[in-house]
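# Coordinates in review
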Amino acid sequence: MAKVKEKTQHKNPLAEVFGYKTADKSAPARKHRDNELCPYNNIEPRCTKDRKDAPLGACSIYDRDEIVTICPVRFREGWKISEDAAEFFFGSSKGCTALKEVRLKERTGKSAGNIDLVITKHNSKGKVIDFGAVEVQSVYVSGNIRNPFEHYMEDPSKRADMDWTKEKYYPNPDFLSSSRKRLAPQMIYKGQILRAWGKKLAVVVDKPFFNTLPEIKRTSKEKADVCWLVYELIEKKGKYELTLSERVYTSWEDVFKSIANPDIGDVSEFISLLEKKLSGTDQLKREANNINVYDWASL
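Notes on the structure in this doc start here.

What counts as what
- Residues numbered from 1 in each chain as written.
- Predicted model: local features only at pLDDT ≥ 70, side-chain atom pairs only at ≥ 80, totals over all residues.
- Heavy atoms only, no water.
- Pairing = 2+ DSSP bridges.
- Helix = DSSP H or I, 4+ residues; strand = E, 2+ residues; numbered from the N terminus.
- Axes fitted to C-alpha atoms, helices over the stretch in contact; angles between N-to-C directions.
- Phe/Tyr/Trp six-rings, centres within 6.5 Å; stacked < 30°, edge-to-face > 60°.
- Buried < 20%, exposed > 50% of the residue type's maximum accessible area, 1.4 Å probe, protein only.
- Lys NZ or Arg CZ within 6 Å of the ring centre and 35° of its normal.
- Contact = heavy atoms within 4.5 Å.
- Patch = residues over 30% accessible without salt bridge, like charges linked within 9 Å, V, L, I, M, F, W, Y side chains within 5 Å.
- Areas by Shrake-Rupley, 256 points an atom, 1.4 Å probe, with all protein chains shown as cover.
- Salt bridge = Lys/Arg side-chain N within 4 Å of Asp/Glu carboxyl O.
- Core = buried A, V, L, I, M, F, W, Y, C linked by side-chain atoms within 4.5 Å.

In a beta sheet, neighbouring strands are held together by backbone hydrogen bonds and run either parallel or antiparallel to one another. Reading across the sheet, the 6 strands line up as β5-β6-β7-β10-β11-β12 and stay open at both edges, with mixed pairing between neighbours. Each having just a single partner strand, β5 (96–105) and β12 (239–250) make up the two edges of the open sheet. Between one strand axis and the next, the sheet turns through 30° on average, direction left out of account. Pairing analysis gives 8 bridges linking β5 to strand β6 (residues 111–122), with the strands arranged antiparallel.

In this section: the packing of aromatic side chains. Aromatic ring pairs are defined here through the distance separating the ring centres and the angle between the ring planes. A full pass over the atoms with the stated rule returns 9 aromatic pairs. Taken together, a centroid distance of 6.4 Å and an interplanar angle of 80° make the contact between F131 and W197 edge-to-face. On the criterion of sequence distance, the pair formed by F131 in strand β7 (residues 128–136) and W197 in helix α5 (residues 175–197) is long-range, its members being 66 residues apart. Residue class for F131 comes out partly exposed when judged on its relative accessible area of 22%. Geometry around F88 places K200 over its ring, the cationic atom sitting 5.0 Å from the centre.

This part takes up the environment of E87. With respect to the helices and strands, the residue E87 is situated in helix α2 (residues 80–90). A relative accessible area of 23% means that E87 is categorised as partly exposed. The contact partners of E87, leaving out residues within four places of it in the chain, are S92, K221 and R247.

What follows covers a nonpolar patch on the surface. Together, V267, F270, I271, L273 and L274 make up a nonpolar patch on the protein surface, roughly 460 Å² of accessible area in all. Inspection of the secondary structure assignment puts F270 in helix α8 (residues 267–279).

Summed over all chains, the structure comprises 21 salt bridges. Between K236 and E241 there is a salt bridge, and its shortest N-O distance comes to 3.6 Å. According to the relative accessible area criterion, E241 is partly exposed, its value standing at 28%. Among the salt bridges present, the one from K257 reaches E253, with a minimum N-O distance of 3.4 Å. In this pair, K257 and E253 both sit in helix α7 (residues 252–260), 4 residues apart, roughly one turn of the helix.

Here we come to the nonpolar core. One finds L14, M187, L201, V203, V226 and W228 to be the most contacted residues of the largest nonpolar core, which totals 46 residues. Sequence-distant contacts of V203, that is, excluding residues within four places in its chain, are made with E135, L183, M187, V226, C227, W228 and L229. Within the second largest apolar cluster, 24 residues are counted, among which are F75, V136, C227 and L233.

Written as structure tokens, this is what we have:
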């Protein structure tokens, strides 16, 4: 049996900072770091991630042998996502315009959130013929990403190869929170409205994140309501380039079935977990018909 190659943890968790590889010492890379610039069509030239006065300019991180996109603006490189989405909606991007952050409302006027991108098909007078919605989902981070970012930014030329593996709260992608706490509720809530209107949705994610999602039944492009645009960051000429890896076509019905219905486990495993937690407390002495209130921190 062939020996499986063990994945290694990167010493420096940061893959890209202000749009460039952390080891990039070129003039454009230095300019973007010095001026905190975003090269990916942000709302303004400077990076605004996390805080405007002290932006967290980390675009992507390493997850062992993969690169994970942690900033949604990173997906705007060259506006490839708008062209790929338009191709799904209308067959081509000709006569289309991408509108950012469009508010979606219920009948009562209550906000249902913003649509990241709306691709409109319109005539020369600006009359909308049709449209499709684009949802962009980057990955949340567990641990602390700001500490290694600030440490690196103090001296980028010397700290590109810094060893952060022994530091507390080494940052890792939190795929579960990204899907269950963010993507799933967004798709269910906004998706119900788009489905009722008979409109299609393109979901922009990266490959490492997509591979952690529940299996969704696939269909043909002609029958699809939802297209998953799955991208990778591929190194080309010393820089990571956003590259379309796969188009996955699904129906609204199968998306809702998959993301709204968990894969139900065995209740006995949950009971074992409760018993394990109970065995670790020193408050198991209880009187008949009396329920102890435990200190949440101790559990």
